[in-house]
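This is what each chain is made of:
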Amino acid sequence: MSVAEANDDRSAGDAETAELERLANAVLWPGFYGRTVPAWLEEALQHGLAGVVYFAQNIGPDLAALSAGIRAANPRALIGVDEEGGSVTRLEAATGSTLPGAAQLGALDDVAATASTGAELARRVRAVGADVVLGPVADVNTDPRNPVIGVRAFGADADLVSRHVVAAVEGIQAGGVAACVKHFPGHGDTHVDSHHDLPRIAVDPAEIERVHLGPFRAAIAAGVDAVMTAHIVVPAWGEEPATLNPRVLGMLREAGFDGVIITDALDMAAIRETVGIGGGGVLALAAGADLLCIGNPTNPGAAALPDQDEHDYRTARDAIVGALRDGSLSRERVAEAGARVARLAAKLAAASSAEDADTAPYDGAGIVRRALRVRGELKTADAPFVVDARRSSTLAVDSAAGYVSEALAAGAATVRLDAAHLDEPQRDAAVAAAVAQADGRRIALLVDRIDTDPAQRALVGEFAARAAEIVAVNVGLPSGDVGVPVIEVGSASRIGAELARERLIGAVR
């Protein structure tokens, strides 16, 4: 072979690699470090990367400028935000959400309030230059032990969840932003967190059809732009998690959905620790997914690499390129997926250039105030002493974030007491120390699992036996009778904690 022929072969190989990388980029949606566009991300965007997902580490005062920088590299980039309101926020990660959460909206059961909350969420997302909301949650939370959904769902009744999912989708999408309902075919009947393991749903498929698929079908009928998959196994439908299961994803197309199927994050243990990010991406595409959410590079915590964001992106991209090259993944399937993503990007680009519609003033505090419930006789009194007894945070929900207890205490000192990690003597000593520190003041015990967690319920009883006066402030699912007054907040958010304090001190009767 001559030098010229060798150069031609190399050029042809380079051209093929570039083509395959562009095909792969069109279906990849990574997270990244920092508040500026890193060099690797800018290059990928210039070569057709579908866009990015914002997480807490990206949020700063110049977020709109960051969005502009991303769009300078790729004008059709989709910018997603995992923003649900209530217990899950990225835009207000530093201070806590000022929007109602799904459980609060479900408890209120006012679809107009849910639609207006969706519209306000869309306004906030557009204001920072993003255009995809990873919400609302369409799961029907039928298992009270559920460690990852809980108050993120509108409730445990399929009809209630369906009507509020539709209202949220309509409110979000009327604001020129795509909604993405999640987590298909329903993550509500699990007691395992797919961030840490692979849940198996031991439920009859007929019950899944009857209870859990309804809200997704309602969202599809309402014209939702995107659906996110769940990393859950339904044995009756196969041993693959739904994200990788062509039978399960095929149900969406059979239901008439022609929008974008987005995977839940591929860096979650249910995928990462089984088939890996790269293998999961290839299998998800082959199963019918269109856009691969790679995940948050900060999730490994102290084990995260300095270049974890680029590493995870390249792992997914290179696996797809390899599968396209050896024929184990068809180019037609990936091109089809990329075309769906491109159609959504074009639709949102057109919406962003349109004039904003006039919207009515939004009163999120009023909605949350209406949703609060009080069990038992609650006396008004001076500012309480706050003991934060919630569970530890998870990768999905920063449920133990300090802003909740700080807002409830209005900046005064608080005590953190995690009953799940204390044995009985340690718990007794911690309760005695907290009561002594309260020095006769009423104790507000901040809890989130007194409905199902024996340790938290026992803690309520121990404080009630030692303290002169105690009230439970529950930011989890409704508790029932626990022997003391309870303020049912239904969300671990700043606005919820502020309004619970308002009830406690009698600012509003």
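These remarks concern the structure in this document. What you see is a predicted model, and the numbers here were worked out from it, not measured in a lab.

1. Looking at the overall build of the chain
Each helix and strand in the chain was counted, giving 18 helices and 14 strands. Taken over C-alpha atoms, the radius of gyration comes to 24 Å for the chain, in line with the 23 Å a tight globule of 509 residues would show. Dimensions along the principal axes, computed over C-alpha positions, put the chain at roughly 90 × 55 × 50 Å. Out of the 509 residues in the chain, the part that is buried amounts to 56%. Long-range pairs, those at least 24 residues apart, make up 75% of the contacts in the chain between residues at least 6 apart in sequence.

2. With respect to unusual backbone geometry
Across the junction of Gly135 and Pro136, the peptide omega takes the value 10°, indicating a cis bond. Summarising the element assignment, Pro136 is placed in the loop between strand 4 (132–133) and helix 6 (158–174). Each neighbour pair has its own omega, and for Lys182 with His183 the value is 10°, a cis peptide bond. Within the fold, His183 resides in strand 5 (residues 178–184). At Ala410, a residue that is not glycine, the phi angle is positive and equals roughly 55°.

3. A closer look at the packing of helix 16 (residues 424–438) against helix 17 (residues 454–466)
For the pair helix 16 and helix 17, the least separation of the axes is 10 Å and the interaxial angle reads 45°. With respect to their mutual orientation, helix 16 and helix 17 come out oblique. In this structure, helix 16 meets helix 17 at a crossing whose hand is right-handed. Across the interface between the two elements, Arg427, Asp428, Val431, Ala432, Ala434 and Val435 of helix 16 pack against Ala458, Leu459, Glu462, Phe463 and Arg466 of helix 17. Split by residue class, the contact of helix 16 with helix 17 holds seven nonpolar, no polar and four charged.

4. Concerning helix 6
Its 17 residues place the ends of helix 6 24 Å apart at the C-alpha level, agreeing with the 24 Å of an ideal helix rising 1.5 Å per residue. Summarising burial for helix 6: 13 of the 17 residues are buried, a large majority. Gly176 occupies a position one or two residues after helix 6 and carries a positive phi of about 75°.

5. Some thoughts on the environment of Ser116
Examined against the element boundaries, Ser116 turns out to sit in helix 5 (residues 111–127). With 274 residues separating them in the primary sequence, Ser116 and Arg390 have C-alpha atoms 30 Å apart. Here Ser116 is in contact with Tyr362 and Ile367, once residues within four sequence places are set aside.

6. A look at the packing of aromatic side chains
Scanning the entire structure with this criterion turns up three aromatic pairs. For the ring pair Phe184 and Phe216, a centre distance of 5.3 Å and an interplane angle of 90° mean the geometry is edge-to-face. In this pair, Phe184 is assigned in strand 5 and Phe216 in helix 8 (residues 214–221), connecting sequence segments 32 residues apart. Exposure class is identical for Phe184 and Phe216. Each is buried.

7. Some remarks on the side chain of Arg427
Positionally, Arg427 belongs in helix 16. Not counting the four nearest positions on each side in its chain, Arg427 is found in contact with Ala419, Leu422, Ala458, Leu459 and Glu462.

8. Comments concerning the side chain of Asp267
Mapped onto the elements of the fold, Asp267 is located in the loop between strand 7 (260–262) and helix 10 (269–272). One buried charge, Asp267, has no salt-bridge partner; the nearest side chain with opposite charge is Arg272, at 5.6 Å. Excluding residues within four positions of it along the chain, Asp267 makes contact with Arg272, Ile277, Ile294, Gly295, Asn296 and Asn299.

9. Quick notes on the sheet that holds strand 4
As summarised here, the arrangement of the six strands in space is 2-3-4-5-6-7, forming an open sheet in which the pairing is parallel. The two strands at the open ends of the sheet, each matched to only one other strand, are strand 2 (51–54) and strand 7. In the sheet, strand 3 (residues 78–81) pairs with strand 4 via two bridges, with the strands oriented parallel. Within strand 4, the residue paired with Gly80 across the bridge is Val132. The sheet strands contacting helix 3 (residues 63–73) are strand 2 and strand 3, and the helix crosses strand 2 at an angle near 160°.

10. Observations regarding helix 15 (residues 402–409)
Burial runs high along helix 15: six of the eight residues are buried. Restricting attention to buried positions, one finds in helix 15 the residues Tyr403, Val404, Ser405, Ala407, Leu408 and Ala409. Those residues of helix 15 that are buried are in contact with strand 10 (385–388), strand 11 (414–416), strand 12 (443–447), strand 13 (470–474) and helix 18 (494–505). Of the residues flanking the end of helix 15, it is Ala410, one or two places downstream, whose phi is positive at about 55°.

11. Here's the deal with the sheet that holds strand 9 (residues 373–375)
Paired through backbone hydrogen bonds, the strands of a sheet run either parallel or antiparallel to each other. As summarised here, the arrangement of the six strands in space is 9-14-13-12-10-11, forming an open sheet in which the pairing is mixed. Because the sheet does not close on itself, it has two edges, and the strands there are strand 9 and strand 11. The sheet shows a mean angle of 20° between the axes of neighbouring strands, direction not considered. In terms of strand pairing, strand 13 meets strand 14 (residues 486–488) through three bridges, oriented parallel. Directly across from Ala472, in strand 14, lies its bridge partner Val486. Lying over the sheet, helix 16 contacts strand 10, strand 11 and strand 12, oriented at roughly 160° with respect to strand 10.

12. Remarks on the pattern of salt bridges
Side-chain pairs of opposite charge can arise whenever the charged atoms involved come near each other. Tallied over the entire structure, the rule returns 34 salt bridges. Salt-bridge contacts for Glu16 lead to Arg331; the nearest nitrogen and oxygen are separated by 3.2 Å. Here Glu16, found in helix 1 (residues 3–25), pairs with Arg331, found in helix 13 (residues 331–353); they are 315 residues apart in sequence, far enough to count as distant. Glu16 sits in the partly exposed class, given a relative accessible area of 29%. Here Arg331 falls in the partly exposed class, since its relative accessible area comes to 29%. As a salt-bridge pair, Asp448 and Arg391 come within 3.3 Å of each other at their nearest N and O atoms. One end of the pair, Asp448, is in the loop between strand 12 and helix 17; the other, Arg391, is in the loop between strand 10 and helix 15, with 57 residues separating them in the sequence.

Conventions we followed
- Every chain's residues receive numbers from 1 upward, in the order its sequence appears when written.
- In keeping with the model being predicted, local features are shown solely for residues with a pLDDT of at least 70 and side-chain atom pairs are shown and tallied solely at 80 or more, while totals for entire chains, interfaces and linings include all residues.
- To get the side-chain values, take all heavy atoms of the structure and skip hydrogens and water.
- Secondary structure elements follow DSSP: runs of H or I no shorter than four residues count as helices, runs of E no shorter than two count as strands, and numbering proceeds from the N terminus.
- Put simply, the radius of gyration uses C-alpha atoms, and a globule should come to 2.2 Å times the residue count raised to 0.38.
- Each residue gets one of three labels from its accessible area relative to the maximum for its type: buried under 20%, exposed over 50%, partly exposed in between, using a 1.4 Å probe on protein chains only.
- Here, two residues are considered to be in contact whenever any of their heavy atoms come within 4.5 Å of each other.
- The convention used is that axes are lines fitted to C-alpha atoms, helices contributing only their stretch in contact, and that angles between N-to-C directions extend from 0 to 180 degrees.
- Roughly parallel covers angles under 35 degrees, roughly antiparallel covers those over 145, roughly perpendicular covers 65 to 115, and oblique covers all other angles.
- Handedness of a crossing is defined here by the sense of rotation of the near helix relative to the far one, left-handed for an anticlockwise turn of less than a right angle and right-handed for a clockwise turn.
- Three categories are distinguished: nonpolar for Ala, Val, Leu, Ile, Met, Phe, Trp, Tyr, Cys and Pro, charged for Asp, Glu, Lys and Arg, and polar for the others, with Gly belonging to the last.
- Each residue after the first adds 1.5 Å to the expected span of a helix.
- Here a pair means two rings of Phe, Tyr or Trp (six-membered ring of Trp) with centres within 6.5 Å. Their orientation is stacked below 30 degrees between planes, edge-to-face above 60, and tilted elsewhere.
- Charged residues are defined here as Lys and Arg on the positive side and Asp and Glu on the negative side; His and the ends of the chain fall outside this count.
- Within this document, salt bridges are pairs made up of a side-chain nitrogen of Lys or Arg and a carboxyl oxygen of Asp or Glu, the two lying within 4 Å of each other.
- Here a strand pair is declared whenever DSSP counts at least two bridges between the two strands.

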